[in-house]
Amino acid sequence: MKSIFASLSILFLLVSCNQPSAENYFDRTTLNSNKLVGFGSADFDRYAQLQETGQLFKLTNGEMEKTDKISEHITTYIIPDIEKNIEQIEELKPTEETEEMIVKSLSLFNYVKNIYETEYLTIANMMDNGEEVDEINEALSLMNSVTFTKFSVLLEELWEVALPYAEANGIEVKTY
């Protein structure tokens, strides 16, 4: 009987050690959304500055290299980072307390990934190919009008669930 109790105790400890902490749930689902703060035309302003100063990077076989193409920066550096975030969120075991936060986070990150793979790449290619500034600005304006509202809603919905979770779990969050 003692050996069964000891075995069950060890098993319980092993299982509980493998559970991510509340802070880990919050970090993966919500805190990582801070990477998306420049979503929309603000991202392209930053990309243009990086392009002008030779500070765009691409990943090739795990090695970071400079590139002058915004599209390469997005496809090899930005999108893989978003995919990594999605994978890390998907690895979390949903609990009653975390399920809605996980779902909202996945909705946000998958939406953003889709926009990067479509509208972002279209505009990046326009910039890489030196198309007229007016055409690029028109494409940015159209993208913002269609995508930014939904992005804002998804982000707000995530934070509406995440902030009470953080408070209930003693996670200090500073918002600005």
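In this text the structure is predicted, and so the values were computed from the model without any measurement. (Residues numbered from 1 in each chain as written. Predicted model: local features only at pLDDT ≥ 70, side-chain atom pairs only at ≥ 80, totals over all residues. Heavy atoms only, no water.)

## Re the pattern of salt bridges
Throughout the structure, instances matching the rule amount to 8 salt bridges. Note that R46 and D43 form a salt bridge whose closest N and O atoms lie 3.0 Å from each other. Separated by 3 residues within a single helix, R46 and D43 lie in helix α3 (residues 41–52), roughly one turn from each other. Accessibility expressed as a relative area gives 3% for D43, which makes it buried. A salt bridge links K104 to E157, with the shortest nitrogen-to-oxygen separation between them at 3.9 Å. Linking K104 in helix α5 (residues 99–128) with E157 in helix α6 (residues 133–168), this pair joins segments that are 53 residues apart in sequence. A relative accessible area of 22% means that K104 is categorised as partly exposed. Residues participating in the shared-partner salt-bridge network are K58, E65 and E72. (Salt bridge = Lys/Arg side-chain N within 4 Å of Asp/Glu carboxyl O. Helix = DSSP H or I, 4+ residues; strand = E, 2+ residues; numbered from the N terminus. Buried < 20%, exposed > 50% of the residue type's maximum accessible area, 1.4 Å probe, protein only.)

## Let's talk about the side chain of N85
Take N85: it is sitting in helix α4 (residues 70–90). Exposure remark for N85: the relative accessible area of 3% places this residue in the buried category. Within the structure, N85 has its side chain in polar contact with the backbone oxygen of D81 (distance 2.9 Å). Apart from residues lying up to four places away in sequence, N85 is in contact with N32, K35 and F109. (Polar contact = N/O pair within 3.5 Å; in protein donor to acceptor, adjacent residues only side chain to side chain. Contact = heavy atoms within 4.5 Å.)

## Things to note about α6
With 36 residues, α6 should cover 52 Å at 1.5 Å per step; its first-to-last C-alpha distance of 49 Å lies within 8% of that length. The sharpest bend along α6 measures roughly 35° and falls at T147. Turning to α6, its buried residues are I136, L140, M143, T147, F151, L154, L158, W159, V161, A162, Y165 and A166. Two residues or fewer after α6 comes G170, characterised by a positive phi angle close to 70°. (Expected span 1.5 Å × (residues − 1). Bend = angle between axes of the 7 residues up to and from the residue.)

## Side note on unusual backbone geometry
Even without being glycine, N61 reaches a positive phi, approximately 50°. Within the secondary structure, N61 sits in the loop between β1 (56–60) and β2 (63–67).

## Points about the nonpolar core
Counting 44 residues, the largest nonpolar core has F44, Y47, I74, V112, Y116 and Y120 as its most contacted members. Elements supplying a minimum of two residues to this core: α2 (22–29), α3, α4, α5 and α6. Ranked by the residues each element gives to this core, the list is headed by α5, at 15 residues. (Core = buried A, V, L, I, M, F, W, Y, C linked by side-chain atoms within 4.5 Å.)

## So, the pairing of β1
Bridge analysis of β1 against β2 gives 5 bridges, and the strand direction is antiparallel. Its bridge partner lying in β2, K58 is registered against E65. Connecting β1 to the antiparallel partner β2 that follows it, the hairpin turn spans 2 residues, and N61 within it adopts a positive phi of roughly 50°. (Pairing = 2+ DSSP bridges.)

## Looking at the confidence of the model for the protein
When the pLDDT values of the protein are averaged, the result is 89; 89% of them are 70 or greater. Residue range residues 1–17 is modelled with pLDDT below 50. Its contacts to residues more than four positions away, or to other chains, number 0 contacts. (pLDDT = per-residue confidence, 0-100.)

## Description of a negative patch on the surface
A cluster of like negative charges, contributed by E131, E132, D134, E135 and E138, occupies part of the molecular surface. Looking at the secondary structure, you find E131 in the loop between α5 and α6. For E131, a relative accessible area of 32% corresponds to the partly exposed category. (Patch = residues over 30% accessible without salt bridge, like charges linked within 9 Å, V, L, I, M, F, W, Y side chains within 5 Å. Areas by Shrake-Rupley, 256 points an atom, 1.4 Å probe, with all protein chains shown as cover. Lys, Arg positive; Asp, Glu negative; His and termini not counted. Charge placed at Lys NZ, Arg CZ, Asp CG, Glu CD.)

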